[in-house]
Amino acid sequence: MTTMPGSPVVGGEQVDLTVVVPASNSEATIAEQLDALVSQRWAGRFEVVVVDNRSTDRTPEIVSDYATRHENVRLIPALERQGIGYARNVGIGEARGVAVLMCDSDDVVAPGWIAALGDALRSHDFVTGPLDVRSL
């Protein structure tokens, strides 16, 4: 499988998708979400950009630990103002992928989430998936 046309080069390899995860005081939930994201399998290349939006807890330290252990995880600060929309926009601005997926720090993506959406984005400009509010 080839990467999406126009994929930017990161560390000598191309990135097809960026997963943007805004986070603010998410130390209770971010590890479970990052575990779910780094365990995703897909034929394309993806990165996970966690955008710390003024956390006062251990969120940045937890994400930094993941970034040390997983080359496709990055921590980006969004400190100018508070708000999930602002944090998402900062993450999109830092994205290295051709396409962007978004999820929240208190979500837990299902196995196959990146593969399903990444494959769909190969032939569609915009995709979305189901929302399960009962699992959490």
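Above this text is the structure in question.
Owing to the predicted nature of the structure, the values given are computational and were not obtained by experimental measurement. (Residues numbered from 1 in each chain as written. Predicted model: local features only at pLDDT ≥ 70, side-chain atom pairs only at ≥ 80, totals over all residues. Heavy atoms only, no water.)

Here we look at the pairing of strand β3 (residues 17-23)
For β3, the tally of buried residues reaches seven of seven residues, placing the bulk of the element in the interior. The alternating pattern of β3 places Leu17, Val19, Val21 and Ala23 and Thr18, Val20 and Pro22 on opposite faces, both of which are buried. As paired elements, β3 and strand β4 (residues 46-52) share seven bridges and run parallel to each other. What sits directly across from Thr18, in β4, is Glu47. Assessed by its sense of winding, the connection that carries the chain from β3 through helix α1 (residues 30-38) to β4 is right-handed. Pairing geometry for β3 and strand β6 (residues 99-102), over four bridges, is parallel. Bridged to Thr18 within β6 is Val100. (Buried < 20%, exposed > 50% of the residue type's maximum accessible area, 1.4 Å probe, protein only. Helix = DSSP H or I, 4+ residues; strand = E, 2+ residues; numbered from the N terminus. Pairing = 2+ DSSP bridges. Right-handed = clockwise from strand over helix to strand, strands pointing away.)

Considerations on the packing of aromatic side chains
For any two aromatic rings, the description comes down to two numbers: the centre-to-centre distance and the angle of the planes. Per the stated rule, a full pass over the model turns up zero aromatic pairs. Of note, Arg69 hangs over the ring of Tyr66, and the distance from its end group to the ring centre comes to 4.6 Å. (Phe/Tyr/Trp six-rings, centres within 6.5 Å; stacked < 30°, edge-to-face > 60°. Lys NZ or Arg CZ within 6 Å of the ring centre and 35° of its normal.)

Remember that the coordinates give geometry; whether it matters functionally is a separate question.
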